[in-house]
Amino acid sequence: MISVGFDLDLTLADTRKGIAAAFVALSERTGVPIDTAAVVSRLGPPLEMELANWFPAERVDEMATIYRGFYGDLAVPATVTMPGAAEAVDAVKACGGRVIVVTAKNQVHAEATVRALGLNVDDVAGGLFSTAKGTALSRFGATAYVGDHVADVDAARAAGARSVAVATGPYDAEALLAYGADIVLPDLRVFPETLTELINPGPSSRQ
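Cut-offs applied
Residues numbered from 1 in each chain as written. Predicted model: local features only at pLDDT ≥ 70, side-chain atom pairs only at ≥ 80, totals over all residues. Heavy atoms only, no water. Helix = DSSP H or I, 4+ residues; strand = E, 2+ residues; numbered from the N terminus. Polar contact = N/O pair within 3.5 Å; in protein donor to acceptor, adjacent residues only side chain to side chain. Buried < 20%, exposed > 50% of the residue type's maximum accessible area, 1.4 Å probe, protein only. Arc of directions from axis to C-beta. Contact = heavy atoms within 4.5 Å. Pairing = 2+ DSSP bridges. Axes fitted to C-alpha atoms, helices over the stretch in contact; angles between N-to-C directions.

In the nomenclature of an unreviewed UniProt entry, the chain is known as HAD family hydrolase of Actinoallomurus acaciae.

(A) Inspection of the environment of S41 at higher detail. Residue placement: S41 occurs in the loop between α2 (36-40) and α3 (47-51). Residues S41 and V76, 35 residues apart in the sequence, show an inter-C-alpha distance of 18 Å. A polar contact is formed between the side chain of S41 and the backbone oxygen of A38, at a distance of 2.7 Å.

(B) Main features of helix α10 (residues 191-199). By the burial criterion, the buried members of α10 are F191, T194, L195 and L198. Buried residues of α10 fall within an arc of 125 degrees about the axis and therefore sit on the same side. The exposed residues of α10 that point more than 90 degrees off its buried face are E193 and T196. In this structure, the buried side of α10 is in contact with β1 (3-6), α5 (85-94), β6 (144-147), β7 (162-166) and β8 (183-185).

(C) Inspection of the sheet that holds strand β5 (residues 123-125) at higher detail. The sheet built from six strands is open, its strands ordered β5-β4-β1-β6-β7-β8 with parallel pairing. Each edge of the sheet is formed by a strand with only one pairing partner; in this case those strands are β5 and β8. Taken pair by pair, the neighbouring strands of this sheet meet at an average axis angle of 20 degrees, ignoring direction. One ladder, built from three bridges, connects β7 with β8; its direction is parallel. The partner of A165 across the bridge, within β8, is V184.

In C-alpha cells, the structure reads:
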C-alpha cells in the first residue's frame, strides 16, 4: 500500500493571506514594521526563523507566542487549498493509500488548517522542518513526500522516500530539479497522473 506525505504551506494550503494577516496583527501589537510581502515569499521554515528577521533573538519566543495567539482566528479562516490539493489527496486515498501531512507549522494550527480545508488525511505531524520531517515520514512508512521547498527534498531523502516537488512555493522547477528532487511538477493538479510512477517507479522519473 502506498503512503504519501504532503507538506502543508504552499503545497496543500495557500496560507499566504492568513499568514500576512497574522504578521500585520503582530506588527500592530508590537509597533515593529514587518514587510509581509517578504514574509510570504519565503514560507516553509519554522516561524521562529522568520521572526528572527524582525525581532532580536531574546524576543523571538515571546513573539512566536503572540503570533500564534492570532493565528487561529485570523489565518486559519483565510486559508484556502492550493490548486489540485484536495484531488491529490483523494487520488492517494482512491488507490487504497494513506496520507500524512508533515509540516513546520505547529501541531495545533496544522490540525486546524487541515480540518478547515476538509482534507481527507490519516495523520498530521507538526513542528518539523527539513530532515527532522524524516522521522515522522519513516514512522508512517511514507514512500513519497510532496513539498514545495528544497528542505522538503531533504526530508524525503532522510526518510528514504521519493521526493515529489511542486513549483508552487519559493523555488521554481529548475531550482527543484537542480537540488535533486526525483519528480518535479508545476502544481498538484497533475499529481494524480504521477501516482502510477510512485506506485511502480521506473529507472528515472525526473521531469
